[in-house]
2 protein chains.
Amino acid sequence: MEKISLYLVEDYFLSRASYKYSLEKFEQIEFLGDFENAQSCIDAMDKKQADIILMDLGLENMNGIEATKIIKQKYPNTKVIILTSHESENEVLACLYAGASAYALKDIPIEKLVEVIKAVNFGANWYDPHIAHIPFNSIPKPQSYEFNNLYPSSDEIKNLLTERELEVLKLLVEGKSNIEIAQEISISAHTAKAHVCSIISKLNVADRTQAAVKAVRTKLF
Amino acid sequence: MEKISLYLVEDYFLSRASYKYSLEKFEQIEFLGDFENAQSCIDAMDKKQADIILMDLGLENMNGIEATKIIKQKYPNTKVIILTSHESENEVLACLYAGASAYALKDIPIEKLVEVIKAVNFGANWYDPHIAHIPFNSIPKPQSYEFNNLYPSSDEIKNLLTERELEVLKLLVEGKSNIEIAQEISISAHTAKAHVCSIISKLNVADRTQAAVKAVRTKLF
DNA sequence: ATTTGTATTACCCATTTGGCTAATTTTTAA
DNA sequence: TTAAAAATTAGCCAAATGGGTAATACAAAT
C-alpha cells in the first residue's frame, strides 16, 4: 500500500514535535517535514509535493487561510487539513473557501487524525463535529423537495422579468421604497409601483419582502 | 473490525440485484436489505437501523431527496449516500441540504463505492468529482483572508436580537406578514408587530424587506 | 400595417406597515 | 430580594404597500 506523504505547519515547537513523534509511528504515513511558518512549507512544496498538509491557522506572517489558498492554487492535488483550535464560523468558512478538505480541532485523538488523513487522501472531506454545522448551514435551503422546483434558477427569473423589472428588483433588494426606486431611475412613483406589482406577480410571491428574499436566495443579486 | 450495515434503495430491479451481488462480496459490509421504494426502507429502519443507506433519487411515490430528509430527521446517526445519475446542481444541493453525507454517480466502480461507504461511515463526506464544485460553490466568499474581517458576522445579529426576535425574523424571512407571524407563534398581532419594529430598529434598517435581506445575506437563515 | 410586448402614468381602495407611547406580566440577572 | 431586560398587549396615526383597472406611447416583430 502506497504511503501518504505529509507536511505539518504549526508554529508552536512542542506541538510540532509531538505531532511529528506521534504520526511517524503510523506505517501508512510518510512524514516529510514540519515547519513553523507557512512560507517554509510552500518552499518545500516547490521541491517535493506532499499528499497532505496539516495546517495550523494562527501563524506568524502568513496565516493558515492564506497559505491554504496559495497552496491549493499552485498544487490542487495536495489536500489541506486544517488543524487548529479556532472554532469561529468565519474562519471555518474562509478555510473551506480557500480549499481545505478537512477541519480538525486540536483535541482530536491522534488515531482519529490518522483516519481523517486517510479519508482526505482518498478524496473525502471531514469536519470536526463541533463545527460541522457551519459548512452544512451554507447550503441554501431548497424551496421544496420536489424535483421540479427545488430552487428557482436565477436564469429563470432573468427570463421571466423584463430588463426594467430586473433593474427595479435590484433596487428593491437594496431596500429602497417605491418612491426611492422611482427617484433612482427617474420615473414616477406610480410606474415604480407598477413594476413592483408586476415583479411580485411574476415571481409568484405575496409581497416585496418575499421577492427580495427570492432574489437573494437565487444569488441573483 | 465491526461490519458496516447497509440498506439499498433503488427502483430498477437489475441495478438493485447487481449492487447487492457486488457489495455482499465485501467482508466489511453487512448487506441488510434492498428496496425498490423509499417507504419500504423507512419501514425497515423503524425495525432495524443501518449505518448507511445507499439512496437512488428517481423513485416512485417518494423521491430520494424527501426520503433522505425524513430518514435524517428520524435517525440522524444513519448516513445517507446518494447513488444516482442525476447531476443537476439543484438536486445535488437539495440532497445535501436534506442531510446526505455523500453524492456518488452511478458510473462509480464498486471498489471505490466501498471506499466511499467506509469514509462516510467514519464520518466523512464525499462528493463525486463531477459534482464536487457544487457544494464547494455554496461556500460564501470571504471579504479577505485576514482573521479580522472575514465575513460580516451572523453572530453579531444573533447577539443583538433576543431569542424571540430571531424566531420572528426567521418567519419574516419566510415572507410572513405580521398577522401570519402572530398566528404562527400564537401571539397577538400587536406583539408580532412590536417584535418586527424592534428587529428593524436593532438591525438599523428602514423596513422589513431590508431586515430580511440582511438576514439572508449574513447567512443567518 | 397591425399586433404584441413593454414602459409609462394615473386613480381608487383596502390592508399592511412602521413609529410612537404606554401598561402589564414574565424572566433573568445582579 | 430587587432591579433590569424581555415579552406581551394595546391604541393612534401617517405612510407605504398591493390589487385592480385603464389609458397612452413606443418599439419590435409579424
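Residues numbered from 1 in each chain as written. Chains lettered and ligands numbered in written order. Predicted model: local features only at pLDDT ≥ 70, side-chain atom pairs only at ≥ 80, totals over all residues. Heavy atoms only, no water.

(A) Layout of the sheet that holds strand β3 (residues 52-55) of chain B. Residues and elements named next belong to chain B. Here 6 strands make up an open sheet; going across it, the order is β2-β1-β3-β4-β5-β6 and the pairing parallel. Edge positions in the open sheet fall to β2 (29-35) and β6 (126-127), since each of these has one partner strand only. Direction of pairing for β3 relative to strand β4 (residues 79-84): parallel, over a ladder of 4 bridges. Among the inter-strand pairings, L54 is bridged to a residue of β4, identified as I81. (Pairing = 2+ DSSP bridges. Helix = DSSP H or I, 4+ residues; strand = E, 2+ residues; numbered from the N terminus.)

(B) Molecular detail of unusual backbone geometry. All names here are of chain B. The backbone of S186 shows a phi angle near 55°, a positive value even though the residue is not glycine. In this fold, S186 is placed in the loop between α9 (178-184) and α10 (189-203). When its relative accessible area of 66% is taken as the criterion, S186 is described as exposed. (Buried < 20%, exposed > 50% of the residue type's maximum accessible area, 1.4 Å probe, protein only.)

(C) Molecular detail of the protein's contact with DNA strand D. With respect to spatial proximity, 17 residues lie near DNA strand D, and among them K193 and R208 of chain A together with T162, S188 and T191 of chain B are the closest. Restricting the count to atoms of DNA strand D within 4 Å of the protein gives a sugar and phosphate share of 65%. Contacts to DNA strand D include R164 of chain B, whose side-chain N or O atom sits 2.7 Å from a phosphate oxygen. Within the residue set of the surface near DNA strand D, elements represented by two or more residues are α9 (178-184) and α10 (189-203) of chain A together with α10 of chain B. (Near = heavy atom within 4 Å. Polar contact = N/O pair within 3.5 Å; in protein donor to acceptor, adjacent residues only side chain to side chain.)

(D) A look at the interface of chain B and chain A. Chain B puts 53 residues into the contact, and the matching count from chain A is 51 residues. In this assembly, chain B packs against chain A so that about 4,700 Å² is buried in total across both faces, 65% of it on carbon and sulfur atoms. At the junction of chain B with chain A, the criterion picks out 0 salt bridges. Here chain B and chain A share 4 residue pairs in polar contact (both at pLDDT 80 or more) between them. Sorting the residues of the side of chain B that touches chain A by element identifies α3 (64-74), α4 (89-98), α5 (110-122), β6, α6 (133-137), α7 (154-160), α8 (163-173) and α11 (208-217) of chain B as the ones contributing at least two each. (Contact = heavy atoms within 4.5 Å. Buried area = accessible area lost by both parts, 1.4 Å probe. Salt bridge = Lys/Arg side-chain N within 4 Å of Asp/Glu carboxyl O.)

(E) Representation of the domain arrangement of chain A within the structure. Split into domains, chain A comes out as domain 1 (4-137) and domain 2 (147-217). Between the C-alpha centres of domain 1 of chain A and domain 2 of chain A there is a distance of 44 Å. (Domains from an automatic or database assignment.)

(F) The arrangement of the protein's contact with DNA strand C in detail. Around DNA strand C lies a shell of 18 residues, among which R164, S188 and T191 of chain A together with K193 and R208 of chain B are the nearest. Sugar and phosphate atoms form 69% of the subset of DNA strand C atoms that lie within 4 Å of the protein. Contact distances for DNA strand C include 3.2 Å between a phosphate oxygen and a backbone N or O atom of N178 of chain B. Within the side chain of K193 of chain B, a nitrogen or oxygen atom sits 2.4 Å from a base oxygen of DNA strand C. If you list the elements that add at least two residues to the surface near DNA strand C, you get α10 of chain A together with α9 and α10 of chain B. Per-element accounting of the surface near DNA strand C gives the leading share, 5 residues, to α10 of chain A.

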